[in-house]
Amino acid sequence: MINYHPDSRMLNEFSAGSLPLAQSACVSLHLNYCSTCQRESRKLQQMGGMLFERLAPCEVDASLLDSVMSRLDEPAPLTYEAKTTATDESPALMRRLMKGGYKDLEWDRINSGLQISRLHTGDVENEFALYHIKAGRTIPRHTHKGTELTLVLEGSFSDEEGIYQRGDFLMRDAEHEHTPTAAKSEDCICIGVLDAPIKFTGWNYRALNPFLSLQAH
Ligand SMILES: [Zn+2]
C-alpha cells in the first residue's frame, strides 16, 4: 500500500517531460509501484496532447525555424520511459542505473549505520544516490538547502511526520527538518535526489556541513 505520492505540480511536470532527469527518474520509479499515479500521469499526458492539437497554426518566423532545426542536430537528451506495470519487483530503470546488485556498487561509508552510493544519470545538477540505512539506525538530523526527493526501495523508515514503505515518495525542502530512522526489523534502502546539499543541524554533525557537496553526474 502506497501512502505518499508526488504532489500534482510534480506529477504534471513529470508528465510534460519538463522535470530534470534525476527527479524524473525518481518519479518514474514511484510509478512502478503506484497505479494511482500511473493513471493520473497518463491522463495528464493525454490532456497535454489534446491541448497541443487545439493550438491554432500560426506563421512561423523563418529565423525561429532555423534555430529549432539546428537544435535537432544536437544529441537528444536521455529520457526515461515510465514503466506501465505496478507489480514489477525490480524496476528496469533501477537495473539500468545500477548495472548489478547493491553489493556491486561503490558505497561511501558515512558512519556505522549509513552508506551512500551516487549513481550516474547524466543529470549534472541533481544528485541521484542510494542510501543504505542499517536497521534501527538514522540519517543524522538535517534540513535542506533545496529540494530532496526520496523513494523507498527496500525496507522502511520513519521520521517526525510518518512511516514510509516500499514505493512511498517524499518531497522535502528548507521548511522541513527531520531524522530519518530505519525500521528495527530490517535495513532500509532508498533513493535520494538532491538539487542542493543537505545541512546537518545536530551539534555533533554540524562541523561536516562545509564539506558536503553534491556529486551529480
Ligand atoms: Zn503515487
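Just so it is clear, the structure is predicted and the values come from calculations on it, not from any experiment.

Participant: What is the right way to look at the sheet that holds strand β7 (residues 162-164) in this model?
Facilitator: Across a sheet, strands are paired by hydrogen bonds formed along the backbone, either parallel or antiparallel in direction. The strand order β7-β6-β9 describes an open sheet built from 3 strands, whose pairing is antiparallel. Here the strands that pair on one side only, and so sit at the sheet edges, are β7 and β9 (181-182). Where strand β6 (residues 157-159) meets β7, 3 bridges bridge the pair, whose relative direction is antiparallel. Following the sheet pairing, F157 is matched in β7 by Y164.

Participant: Would you mind going over the sheet that holds strand β5 (residues 148-154) with me for this structure?
Facilitator: With respect to topology, 6 strands assemble into an open sheet ordered β1-β2-β3-β10-β5-β8, the strand pairing being antiparallel. Both outer strands of the open sheet, β1 (108-111) and β8 (169-172), are each paired with one neighbouring strand and no more. Strand after strand, the sheet turns through a mean of 25° between neighbouring axes, direction not considered. In this sheet, strand β10 (residues 188-194) lies alongside strand β3 (residues 127-133) in antiparallel orientation, the contact comprising 7 bridges. The partner of H132 across the bridge, within β10, is I189. Sheet strands touched by helix α2 (residues 21-33): β3, β5, β8 and β10. Its angle to β5, the strand with the most contacts, is close to 40°.

Participant: Even after reading the chapter, I still don't get the packing of aromatic side chains, so can you show me in this structure?
Facilitator: Here the distance between the centres and the angle between the planes together describe a pair of aromatic rings. Applying the stated criterion to the full structure yields 3 aromatic pairs. Each ring, one from F157 and one from Y164, has its centre 5.0 Å from the other, and the planes form 50°; the classification is tilted. Both residues of the pair, F157 and Y164, count as buried. Note on F200 and Y205: the rings are 5.5 Å apart at their centroids and 50° apart in plane angle, and the pair reads as tilted. Judged by relative accessible area, which is 6%, F200 ranks as buried. Clustering of aromatic rings is evident, with ring pairs tying together Y4, F157 and Y164.

Procedures and definitions
Residues numbered from 1 in each chain as written. Predicted model: local features only at pLDDT ≥ 70, side-chain atom pairs only at ≥ 80, totals over all residues. Heavy atoms only, no water. Pairing = 2+ DSSP bridges. Helix = DSSP H or I, 4+ residues; strand = E, 2+ residues; numbered from the N terminus. Axes fitted to C-alpha atoms, helices over the stretch in contact; angles between N-to-C directions. Contact = heavy atoms within 4.5 Å. Phe/Tyr/Trp six-rings, centres within 6.5 Å; stacked < 30°, edge-to-face > 60°. Buried < 20%, exposed > 50% of the residue type's maximum accessible area, 1.4 Å probe, protein only.

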